[in-house]
Structure formats: structure tokens, C-alpha cells
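Per-entry structural report
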Amino acid sequence: RMAFGQPRIEYKTNAQMRSMHEAGLVLSQALDAAVAAAAPGKTTKDLDAVFASVLKDAGATSNFLGYHGFPATICTSVNEEVVHGIPGDRVLQDGDILSIDGGAILDGWHSDSARTVIVGTADPEDQRLSDVTEAAMWHGIAALATGKFVGDIGNAVDDYVSSVPGKALGILEDYVGHGIGSEMHMAPDVPNYRTNHRGPKIRPGLCLAIEPMLVRGSIETAVLDDDWTVVTTDGKRSCQWEHSVAVHEKGIWVLSTPDGGAAKLAPLGVVPVPIP
């Protein structure tokens, strides 16, 4: 399974990628519901229940629940929590910045996506953080359509983030995107920053979860005593956006959106093509 010390990449058939899109559509609906439920006074556990019920109704299962012992169907990361926050009794407050990361399995095929929502009244700097992170993700996805190597994605994310006027935002380096398919986390790694490693060639059948995580302060992180929740060590706020994307012979298709990413990719000059 190993070639030159690199884990083998799973390349999907068109039929398998279409199944992944079905899983992605369920996930998109579940995230819609969880984001809509995020309001002051709600607990993060409330959002987990909303998300879980959408999966159940669609006949899908969670790829987060039980993953290495993770106890919930979504990760809810609030304020200085970067990723892998565990839903519980924490009550959402006005002005919290909340990243919701979730996944779904349908017919054995995985999807993975994350969104950030600001609860109630947004601090303009938090709104900027979320907007820049989301745009950085789309720049990375556009690079998957036009680039030659997986490393081009991180280059595009990094170039966009460093070009944004105003106070510089940090790109997390401890956590990266990944391949996805018959499992949630697969080869290859997808860094969100510029490296001198080109990574594997982009070719049809490659499916990736592209997920930049940005912070308002230092990119240093620590893991809390629950062994899951990752926080910024300086307590500054953070943000995550993520989509799963497929490459096929005709182009790319964002698997965790109903429109394949068409609306958000149009301004970047990329037209996604449905999987044949």
C-alpha cells in the first residue's frame, strides 16, 4: 500500500463520487439546520441534536460519532476553540463565533464540511475573520480546478490570506485538510499554507476536504484535557470553513453543496461541472 513512503491515494470512479455527493447533500441540509438553530441561549448539545436528526431522517450515519471515541455527531468550536470542540452544556452567548464541523456517511461514502456562524450580534473583526476564512477556502477550491499539484491549494489559500488588507490573520499549520472517500480521513494531507512540497498530482478521482482554519492572533494551539478540543494559546478567536470536493475528467464538483460550488466559484472564474 505504500509507494515511496507515501500512503496510497484512493481514486474514485464517477459512480462513487456521485454517491459522495449524495452524502454531501445530506450533510449540507444537516449543517443548514444546525446553523439556523445557533442562537443565544441554545447549548452546543442542542445543535448536535438538530444535526443528528437530519442525518437520521435521511438514513445517513455520522462519521464523527465514535471516531477514535469522539462522543458527538458534530464538533462545535466556540471563540478561541479552533477545532474538535465537543458539544455539551455550553450556552451560546450573543457575539460568539461558532464553527460547526460535521460529516455524513451514505452507502459507505463519506462527506465532511464545516461552517462558521456568528451568534447574534457580530463583532466586525469576527465577521471579517469568517469572511476571509470562507473566501480563502474558495480560493483553495478554485486552485484544485486550475492547479497541477495538491500543494497549489495551500499556495492559493496563503496568497489570498496574505493579500487581504488590514490586520494580518494567521493560518493554522497544526491541522490540515485531507483526502476523503471510503473513509473520512485519508491520504493526501492538504496544507492550507505555502510549503516547498508540491504534493501529489491532481487527477480525476481525487477527492479532498479543503478546510482552512484562521486565527486573529498567534497560530500556536494546545489541546485541552478532554483530549479533543484545540484552542489558541493566546485566547484569540478562530474560524474554520470546509468543503469536500471531487476532481473528475470534466472538472471539479463541490460535493458538500447543492450547486457544486457554482455561485461561490463564479467570481473566481471557475465553473464546476456535474460528475458525469
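Report on the accompanying structure.

Criteria and thresholds
The residue numbering used here restarts from 1 in each chain and proceeds along that chain's sequence as written. It should be noted that, the model being predicted, local features are given only for residues of pLDDT at least 70 and side-chain atom pairs only at 80 or more, the latter also being counted only at that level, while totals for whole chains, interfaces and linings use all residues. With hydrogens and water excluded, all non-hydrogen atoms of the structure serve as input to the side-chain values. In this scheme Phe, Tyr and Trp rings, the latter by its six-membered ring, pair at centre separations within 6.5 Å, and the angle between planes marks the pair as stacked below 30 degrees, edge-to-face above 60, and tilted otherwise. A ring is considered to have a charge above it if a Lys NZ or an Arg CZ atom is located within 6 Å of its centre and within 35 degrees of its normal. Strands qualify as paired when DSSP identifies two bridges or more between them. Strands are runs of DSSP state E lasting at least 2 residues, helices are runs of H or I lasting at least 4, and numbering of each runs from the N terminus. Lines fitted to C-alpha atoms define the axes here, with helix axes fitted over just the stretch in contact, and angles between the N-to-C directions of these axes take values from 0 to 180 degrees. Contacts are residue-level and defined by heavy atoms, with any inter-residue pair within 4.5 Å sufficient. What makes a salt bridge here is a side-chain nitrogen of Lys or Arg within 4 Å of a carboxyl oxygen of Asp or Glu, nothing more. By convention a nonpolar core is built from buried Ala, Val, Leu, Ile, Met, Phe, Trp, Tyr and Cys residues, the set being connected through side-chain atoms within 4.5 Å. Each residue's exposure class comes from its accessible area (1.4 Å probe, protein chains only) as a fraction of the maximum for that residue type: buried when under 20%, exposed when over 50%, partly exposed otherwise. Expected span of a helix: the number of residues minus one, times 1.5 Å. Here a polar contact is recorded for every N or O atom pair within 3.5 Å, except that within protein the pair must consist of a potential hydrogen donor and a potential acceptor, and residues adjacent in sequence are included only if both atoms are side-chain atoms. Crossing handedness is defined as follows: a turn of the near helix away from the far one that is anticlockwise and smaller than a right angle gives a left-handed crossing, while the clockwise case is right-handed. For this classification, Asp, Glu, Lys and Arg are treated as charged, while Ala, Val, Leu, Ile, Met, Phe, Trp, Tyr, Cys and Pro are nonpolar and the rest, including Gly, are polar. In these notes the angle categories are as follows: under 35 degrees is roughly parallel, over 145 is roughly antiparallel, 65 to 115 is roughly perpendicular, and the rest is oblique. The definition used for a disulfide is geometric: two cysteine sulfur atoms within 2.5 Å.

The subject of this paragraph is the packing of aromatic side chains. Overall, the coordinates contain 1 aromatic pair when judged by the stated rule. Sitting above the plane of the tyrosine 11 ring, arginine 203 keeps its charged end 3.6 Å from the centroid.

Below, the discussion takes up the sheet that holds strand β6 (residues 109-118). Overall, antiparallel pairing links the 3 strands, which are arranged β3-β5-β6 in an open sheet. Of all the strands in the sheet, the pair left with one neighbour each is β3 (74-78) and β6. The mean angle between the axes of side-by-side strands here comes to 15 degrees, regardless of whether they run parallel or antiparallel. Helix α2 (residues 44-57) rests against β3 and β5 (97-106) of the sheet, and its axis sits at about 25 degrees to β5.

On to the pattern of salt bridges. One pass over the structure, following the stated rule, counts 8 salt bridges. Here lysine 264 and glutamate 134 are joined by a salt bridge, their closest N and O atoms 3.5 Å apart. Of this pair, lysine 264 sits in helix α5 (residues 262-265) while glutamate 134 sits in helix α3 (residues 124-146), and the two are 130 residues apart along the sequence. Here the salt bridges share partners, and the residues they tie into one network are Asp126, Arg216 and Arg237.

Once that is clear, we can look at the nonpolar core. Ranked by size, the top nonpolar core spans 34 residues in total, and within it Ile141, Leu144, Leu206, Leu208, Ile252 and Leu265 carry the most contacts. Secondary structure elements with two or more residues in this core: α3, α4 (151-163), β9 (186-190), β10 (207-210), β15 (243-248) and β16 (251-254). When sequence neighbours within four positions are dropped, the list of residues in contact with leucine 206 reads Ile9, Tyr11, Leu144, Val150, Pro188, Lys201, Val245, Ala246 and Val247. With 22 residues, the next largest nonpolar core counts Ala30, Ala34, Ala38 and Leu47 among its residues.

The next thing to look at is the sheet that holds strand β4 (residues 81-83). Taken together, 3 strands build an open sheet; the order of strands is β4-β13-β12 and the sheet is antiparallel. One side of each edge strand has no neighbouring strand; the edge strands of this open sheet are β4 and β12 (221-223). Adjacent strand axes in the sheet meet at a mean angle of 40 degrees when their direction is disregarded. Bridge count between β4 and strand β13 (residues 230-232): 2 bridges; the pairing is antiparallel. If you follow glutamate 81 over to β13, its bridge partner there is valine 231.

In this section: α3. Helix length check: α3 (23 residues) gives 33 Å between terminal C-alpha atoms against 33 Å at 1.5 Å per residue, within 8%. With a side-chain oxygen positioned 2.7 Å from the backbone nitrogen of glutamate 125, the residue opening α3 is aspartate 123.

Moving on, we get to the packing of α3 against α4. At a minimum axis separation of 8 Å, α3 and α4 run at an interaxial angle of 145 degrees. Regarding α3 and α4, the two cross each other, and that crossing is right-handed. Residue-level inspection shows Val132, Ala135, Ala136, His139, Gly140, Ala143 and Leu144 of α3 in contact with α4, the latter providing Asp152, Ile153, Ala156, Val157, Tyr160 and Val161. Partitioned by chemical class, the residues of the contact of α3 with α4 number 10 nonpolar, 2 polar and 1 charged.

Counting through the fold element by element, leucine 129 comes out in helix α3. Taking the C-alpha atoms as reference, leucine 129 lies 28 Å from histidine 110; in sequence the two are 19 residues apart. Every residue in contact with leucine 129, bar those within four places of it in the chain, is listed here: Ile97, Leu169, Leu214, Val215, Arg216, Arg237, Ser238 and Cys239.

Direction vectors running N to C along helix α1 (residues 14-37) and α2 enclose 150 degrees, while the axes themselves pass 8 Å from each other. Between α1 and α2, the angle is such that the two are roughly antiparallel. Crossing of α1 against α2: the hand is right-handed. On the side of α1, the interface is formed by Val26, Leu27, Gln29, Ala30, Leu31, Ala33, Ala34 and Ala37, while α2 contributes Leu47, Val50, Phe51, Val54 and Leu55.

Moving on, we get to the state of the cysteines. Taken as a whole and judged by the stated rule, the model has 0 disulfides. Here cysteine 75 stays unpaired: no disulfide links it, and the sulfur of cysteine 239, its closest cysteine neighbor, is 15 Å away. With relative accessibility at 0%, the residue cysteine 239 sits in the buried group.

Taking 1.5 Å as the rise per residue, α4 with 13 residues should run 18 Å; its terminal C-alpha atoms sit 18 Å apart, in good agreement. For α4, the elements touching its buried residues are α3, β7 (170-171), β9, β10 and β11 (213-215).

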